[in-house]
Amino acid sequence: MSNKCVVLDPIGQPSGIFGRRLEIDSPMFAIHDPTYQPRDTSENLSSLKMAERIDTLEGKAVYLVNTGFAGGREFMEELQDWFAKNRPGVKTILKNKTTSMFTDEPDLWREIKQNGDAVVFGVGG
Amino acid sequence: MENDYGIPTAPVVTARFADYVERDKLSHGMALRFTYPPYPVGWVPRETLHRYIEGNDPITGIPITQEIDDALTRPLSDFERNFKAEKRPERPRLLEPDTEENLHRMFLENGWTDGLPIILPTEERVAEMLTGTDRKPDEYVGMMSVTTHEERLQYNVEKCAVIAVMAGCRPEHFPVILALGASGRPSMPSSTTSFASMMIVNGPIRNEIGMNSGLGALSPVNYANSVIGRAWTLMSICFGDMRPGATFTATTGTTINYNNMCCAENEENSVWEPFHVRKGYKPNESTVSLFRGWNVLTQGIGPAQRMMEVAKNLGGPFGGSYTFLLDPLVAKSLKHDEGYNDPIELSKYIAGNLQSPMASPERINFVVVGGETNPMWVTTDFSYFQTVSIGEWIPKDGIKHDEKSLRMPVPVTCADGTCGITIE
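Residues numbered from 1 in each chain as written. Chains lettered and ligands numbered in written order. Predicted model: local features only at pLDDT ≥ 70, side-chain atom pairs only at ≥ 80, totals over all residues.

(A) Quick look at the overall build of chain A. Secondary structure summary: chain A contains 3 helices and 7 strands in total. On C-alpha atoms alone, chain A measures out to a radius of gyration of 21 Å, which is more than a quarter above the 14 Å that the 2.2 N^0.38 rule sets for 125 residues. For chain A, the spread of C-alpha atoms along the three principal axes comes to 75 × 40 × 30 Å. For chain A, the residues scored as buried account for 34% of the 125 residues in total. A sequence separation of at least 24 residues applies to 65% of the contacts in chain A between residues at least 6 apart. (Helix = DSSP H or I, 4+ residues; strand = E, 2+ residues; numbered from the N terminus. Rg over C-alpha atoms; globule rule 2.2 N^0.38 Å. Buried ≥ 20, exposed ≤ 12 C-beta atoms within 10 Å, placed from the backbone. Contact = placed C-beta atoms within 7 Å.)

Right under this line is the structure:
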């Protein structure tokens, strides 16, 4: 019969601290840099709310935003083409993010708020 | 957009990352409605993308365009309205007692190791490791995650001692492990690209704990280099919550992840100021400097012009960042034959000739490493990130050495031609 031994758990303890999106002026590579990665608490994040949905896309302006990963622009162009052919009542506006896929872009968000009703973001991965 | 601007969104992520995204969204405080087209999206013909859009989400079986419409128009459910980012449950300090054999199996099968045998972190071994610092076991050291959004796991001095024991460290190595922990930086961040990291130790601690900065400094010929570098990997696994396929997505991975190119700078044979001094530290301060990139690109030989040409023709995914590891003979030649008294002048020369818009002298670094058996340099696409002080983790009475410190054979150097040869 082998003796049993006691060992310590090697896994870190939960902190309740999560990552948050980067700011527009975040340094390059900040997404992978804990020095610059913004953080937030579970309490703050849990107060975030999803927007109310619109009743239909017909007659609405939908922004198609290429976030910058490979193929994103081409995918959004094809999606725009699909809407034009199959849902002509939906106005689509294609935009490419001007900063990296990891950073905030408030100017674009403000434009969408002013002129749009919904957004399709992609393509991640 | 959802919370700040009140605009409904339909995020689109390829199906390859559906598991990752479904778990990751738990960290965003919102149950976003993702659509998952097939993978890959990049570098495929237009016809393929067209087919994706006209086809179904392979995860849900729902047509892609219908799913996007649904994401933007279906009223929110109570679950979506009341979604919370939740803290994970606390973990016990001790695991259930078991046999050594079963515990080894458990650590391995739970993915808490790098696949190599570990030293089990018993209470006695961890207590001994804690003699390597004056800090209290429950003192907070840092928090880490290999992901960008998921909950960071925090760790104290005792948790770092557990990792140090597992990696095979002795108490004399522990201050370096604590400094690595204090950085909060995992060596293997989550990315489909296969990130690699490097750590360079400077200052008096290099020699006090027997690190190798000379011949074969990057090879497995030195105890301290091996276990310290490994500890950063185990830290990334256990504190950074690195789980293959879940939080670790490097498509090919890299063997650099085993040891993170852990070595010391050869300050004694360098004609330049030590690396950490160039980053603002005093020569008698002990530090660890951390780098990250992807690849060891070349092993080269020749003058500064050749280094510039190599940097110009090779690059990682983003280009413009290089860290050269130079044998001391190279640094001597660059200084005495080409007039580079300060490596920043060399950085300026190389950066000024690169095409990358991201090139800047600060992103081209030089570390002197090697045994002067060949005037060679190693090109990496690594960026320098930070230097962490080790001194604050060293006991006030100095490094805690074993009665007889463990050391591997040091490279034999001699002047009479009999090195390594036994003559009867």
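(B) Highlighting the interface of chain B and chain A. Contact residues are listed per partner, giving 85 residues for chain B and 58 residues for chain A. Grouping the constituent residues of the side of chain B that touches chain A by class yields 43 nonpolar, 20 polar and 22 charged. Where strand 2 (residues 13–14) of chain A lies against strand 4 (residues 153–156) of chain B, 2 bridges are found, and the strand directions are antiparallel. Among the inter-strand pairings, Gln13 of chain A is bridged to a residue of strand 4 of chain B, identified as Gln154 of chain B. (Nonpolar A, V, L, I, M, F, W, Y, C, P; charged D, E, K, R; others polar. Pairing = 2+ DSSP bridges.)

(C) Up close: the environment of Phe174 of chain B. Residue placement: Phe174 of chain B occurs in helix 9 (residues 174–183). Sequence separation of Phe174 of chain B and Ser194 of chain B is 20 residues, and the distance between their C-alpha atoms is 28 Å.

(D) Structural detail: the packing of helix 2 (residues 72–86) of chain A against helix 3 (residues 46–54) of chain B. Two elements in contact, helix 2 of chain A and helix 3 of chain B, have axes whose closest approach is 9 Å; the angle formed by their N-to-C orientations is 55°. Between helix 2 of chain A and helix 3 of chain B, the crossing angle belongs to the class labelled oblique. As helix 2 of chain A packs across helix 3 of chain B, the resulting crossing turns out to be right-handed. Residues Glu74, Phe75, Glu78, Leu79 and Trp82 of chain A of helix 2 of chain A pack against Arg46, Leu49, His50 and Ile53 of chain B of helix 3 of chain B. (Axes fitted to C-alpha atoms, helices over the stretch in contact; angles between N-to-C directions. Parallel < 35°, antiparallel > 145°, perpendicular 65-115°, else oblique. Left-handed = near helix turned anticlockwise from the far one by under 90°.)

(E) Representation of the domain arrangement of chain B within the structure. For chain B, the assigned domains are domain 1 (2–81), domain 2 (100–292 + 393–413) and domain 3 (295–380). Between domain 1 of chain B and domain 2 of chain B, the contact holds 6 residues from the first and 6 residues from the second. (Domains from an automatic or database assignment.)

(F) Quick peek at the nonpolar core. Ranked by size, the top nonpolar core spans 96 residues in total, and within it Ala161, Ile163, Ala164, Ile177 and Ala231 of chain B carry the most contacts. Among the elements that take part in this core, helix 11 (residues 223–238) of chain B stands out by supplying 10 residues, more than any other. Lining this core are residues from two domains, each supplying at least three of them: domain 2 (100–292 + 393–413) and domain 3 (295–380) of chain B. In this structure, Leu79 of chain A together with Met30, Phe34 and Ile53 of chain B belong to the second largest nonpolar core, which totals 35 residues. (Core = buried A, V, L, I, M, F, W, Y, C linked by C-beta atoms within 7 Å.)

(G) Examining the confidence of the model for chain B more closely. When the pLDDT values of chain B are averaged, the result is 92; 96% of them are 70 or greater. Complex prediction metrics read pTM 0.88 and ipTM 0.90. (pLDDT = per-residue confidence, 0-100.)

(H) Summary view of unusual backbone geometry. Look at the link from Gly122 of chain A to Val123 of chain A: it is a cis peptide, with omega at 5°. Considering the arrangement of structural elements, one finds Val123 of chain A in strand 7 (residues 118–124). Despite not being glycine, Trp43 of chain B has its phi angle at roughly 65°, a positive value. Its place among the elements puts Trp43 of chain B in the loop between helix 2 (18–24) and helix 3. When the 9 C-beta atoms within 10 Å are taken as the criterion, Trp43 of chain B is described as exposed. The phi dihedral of Asp241 of chain B is positive, around 60°, even though this residue is not glycine. Within the secondary structure, Asp241 of chain B is located in the loop between helix 11 and strand 6 (263–264).

(I) Up close: the environment of Ile399 of chain B. Residues and elements named next belong to chain B. In this fold, Ile399 is placed in the segment after strand 12 (383–389). By C-beta crowding, Ile399 is classed as partly exposed, having 18 other C-beta atoms within 10 Å. Taking the C-alpha atoms as reference points, Ile399 and Thr133, 266 residues apart in sequence, are found 8.1 Å from one another. The contacts of Ile399, once residues within four sequence positions are left out, are Glu172, Ile205, Glu208, Ile209 and Ile394.

(J) Highlighting the sheet that holds strand 7 of chain A. Strand order across the open sheet formed by 4 strands is 6(A)-5(A)-7(A)-1(B), with parallel pairing between neighbours. Both edges of this open sheet fall to strand 6 (91–96) of chain A together with strand 1 (9–13) of chain B, since each of them pairs with a single strand only. Here the strands of the sheet are splayed against their neighbours by 20° on average, with no regard to which way each runs. Across 6 bridges, strand 5 (residues 61–66) of chain A lies against strand 6 of chain A in parallel orientation. Bridge pairing in strand 6 of chain A places Leu64 of chain A opposite Leu94 of chain A.

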